[in-house]
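Here is what each chain is made of, one letter per residue.
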Amino acid sequence: MSVFNPRILEACIRDVVVRLSDHEKVSVLLYVLERLPPDGTRAVMENAVQSLLRVSGLPSADMTKALLIRAQARLAAGYRTSAQQDLHSVLTMDPDNQDVKAIIHTQHLRPEMLLREPDGPPRFSIEVWREIALLLPKRDLQSLLLVPHPLSRIASQLLFREIDLHLTPLHEPSAVEEPTHPPTHPHRSDGECFDQNLDNWHHQRSADILTRILVDPQFATQVRSLGVHAASQDASHSLAFQVGMLLNALPKLSNIRKVHCSGSKDLISRMLRCMHKHNPKIQRLSLELADQAVDGISIPRFKHLTHFTLISEGGSSNSTHMFLGQSRDTLRALAIKNPCWHFPTEVISVRFLSHLEFAGHLSSEVFTEIITEGHQLQSLMLSGSLECAPSSIFRQHAAALPFLTHFHLTITGVHRHVTDRDLCPAISEFLRPRTQLRTYHLFIPCGEHRRIGFDASAWGVLPALANLRSLSMTYPGDLSSSLAGWLVPRSVQALTLDLAALTMEATAFVKQIHTGVPRSLRYIGMMNIPVRSVLSLVEHGFSQVRVVAVEHNMWSVVRTTTTGEEGKGEGEGERAPTVEQWPYRRVRYHAEEWLESVGCGDAVWKGVDVL
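Residues numbered from 1 in each chain as written. Predicted model: local features only at pLDDT ≥ 70, side-chain atom pairs only at ≥ 80, totals over all residues. Heavy atoms only, no water.

A. Expanded view of the nonpolar core. In this structure, Met 271, Leu 285, Phe 308, Tyr 440 and Trp 459 are the most contacted members of the largest nonpolar core, which totals 123 residues. Leu 285 has contacts with Val 259, Leu 272, Met 275, Ile 299, Phe 302, Leu 305, His 307, Phe 308 and Thr 309, leaving out every residue within four places of it along the chain. (Core = buried A, V, L, I, M, F, W, Y, C linked by side-chain atoms within 4.5 Å. Buried < 20%, exposed > 50% of the residue type's maximum accessible area, 1.4 Å probe, protein only. Contact = heavy atoms within 4.5 Å.)

See the structure below:
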């Protein structure tokens, strides 16, 4: 028989060696290592010698031989410092070793160099550095880009796993400015601000990223998440070129799993067709229509889709319902936000969902379907006009939603034929036994408090929610401000108040409520109340917070310490806090990332988009 398999020899060697003792295996391994060339086999040498040194009771002669073999391999690979460590270890065990002296002579080493501690940090492998970098926030990864170290390349790879492209200029809405500081946007006029230089930078950045994707296949395969932002109208007339590059780049993103697109119906439709053809394994899809699509938008089916978000205004829901019906078996997180739509009860399976967000008409079908079928729901957000009296549903199913940890309800209006004065008390009793609840948001329109039973008693359930981390609520007009702070659970880190019903000035309210507010509070937000000075809110009531939000604007609270003669005392001192307003782009696109970086992650809604 002329056919011979060389693998038979390897198998026979393995079968023979496995019957030897550990010390006999060491002898065999050393015999083999001595006959391997020192160059080109460093990884094999390192692993083999490391395993030898771990054998208990290893004779000093075998240990010396193993260290010499590894030193020669390291010298051949150019790692002189680590090789010196091995030679030093051999001389420690055998000061008269002739092999070491020969290596010192041939490598022109001085004996005193072997006694020196190696310079620099330990040489970790790329895999170890990558595991370390995976634990760092984005802001730290951006700093690592400037470090002359393998971490710089690793940070670049991790940062560009998530890409955001801004294809059109951004017009900033008018915002409340801090009166004690000069205007943040000197070009503000007619409620808008247009920063030409910043927009040009984003245009160039987007073009550079798309070009890199087209010419660098390895870079393209690293991208996992893509965000595309564009206005419905393109004043600069550059959108067509940018979209062309984008559609050519999408087929290169073979490992993309998460996509967000905000733009016109035409842009979203073209992207969906391209992704359905070239990126069928998308798992998370988020769409935000910048214009009103009367005919809706046709969404092809993605077989692996588990998270879907659609934000629109007006238009028909038929095509969306058809898509949801096709994806009902795979969807686990769903967000539908359109004030003109009804809940798609007939096309989705609520029992399969763990996260659900709906903004639209709040009819009895919405509450019945969710509360009776949402056995796996962990996060629930409902927003819209109330068209029913759902208090009885909450009362009858008090044990429903057993895994609920995040609850949000915003009532934007109440139908003129609806009166349900037991609604807020029923919600309170529904949530009272849920000590695992970590987020509770409840917003009620100011003129409808009596019709749905919202008063100071709605805050009475708060002390029972001992593990609450984020609280956002409408402030009732009959609640004492000196008592309100004490009702907030001590575990709360983020607090947002809708103060439309408040009759006093903001600073006076803060002075009264701050005595009972938890000292662990890191984020404070205020809505529907005029604020003359954000800094006064910090100085008079919330000195411990790190971020202040007023309406849709945010400020960081900056504290600096003084030492020595700079402070008023002899030791360290703390200067008066100052506030720095966040740029509009940061609030609009990067608020979640920045809040996480300053320890205010509880202020971020744990919904579909941040999973």
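Still more ground to cover, so stick around.
B. Focus on the environment of Glu 369. When you line up the elements, Glu 369 lands in helix 15 (residues 364–373). Separated by 26 residues in the primary sequence, Glu 369 and Phe 343 place their C-alpha atoms 9.5 Å from one another. Discounting chain neighbours no more than four positions away, the residues touching Glu 369 are Phe 343, Thr 345, Val 350 and Gly 374. (Helix = DSSP H or I, 4+ residues; strand = E, 2+ residues; numbered from the N terminus.)

C. A look at the environment of Val 558. Here Val 558 is to be found in strand 17 (residues 553–558). Between the alpha carbons of Val 558 and Val 545 there is a distance of 9.8 Å; along the sequence they are 13 residues apart. Excluding residues that lie within four positions of it along the chain, Val 558 makes contacts with Pro 577, Thr 578 and Glu 580.

D. Spotlight on the packing of aromatic side chains. Inspection of the entire model under this criterion finds nine aromatic pairs. Relative to Phe 430, the ring of Phe 394 has its centre 5.3 Å away and its plane inclined at 75 degrees; by these criteria the two rings are edge-to-face. One end of the pair, Phe 394, is in helix 16 (residues 391–396); the other, Phe 430, is in helix 17 (residues 423–431), and 36 residues separate them in sequence. Seen from their ring centres, Trp 459 and Tyr 475 are 5.7 Å apart, and the 75 degrees between their planes marks the pair as edge-to-face. Residue Trp 459 is located in the loop between strand 12 (439–443) and strand 13 (470–474), and its partner Tyr 475 is located in the loop between strand 13 and helix 18 (481–487); the two are separated by 16 residues in the primary sequence. Like Tyr 475, Trp 459 is buried. (Phe/Tyr/Trp six-rings, centres within 6.5 Å; stacked < 30°, edge-to-face > 60°.)

E. Examining the pairing of strand 12 more closely. Of all five residues making up strand 12, five are buried, and the element is well covered by its neighbours. The alternating pattern of strand 12 places Thr 439, His 441 and Phe 443 and Tyr 440 and Leu 442 on opposite faces, both of which are buried. When strand 11 (residues 406–414) meets strand 12, the two strands line up parallel, connected through five bridges. Residue pairing across strands places His 406 opposite Thr 439, the latter belonging to strand 12. (Pairing = 2+ DSSP bridges.)

F. Region of the structure containing a nonpolar patch on the surface. Together, Val 28, Tyr 31, Val 32, Leu 36 and Val 44 make up a nonpolar patch on the protein surface, roughly 400 Å² of accessible area in all. Looking at the nonpolar patch element by element, the count peaks at three residues for helix 2 (residues 22–33). Counting through the fold element by element, Val 28 comes out in helix 2. (Patch = residues over 30% accessible without salt bridge, like charges linked within 9 Å, V, L, I, M, F, W, Y side chains within 5 Å. Areas by Shrake-Rupley, 256 points an atom, 1.4 Å probe, with all protein chains shown as cover. Salt bridge = Lys/Arg side-chain N within 4 Å of Asp/Glu carboxyl O.)

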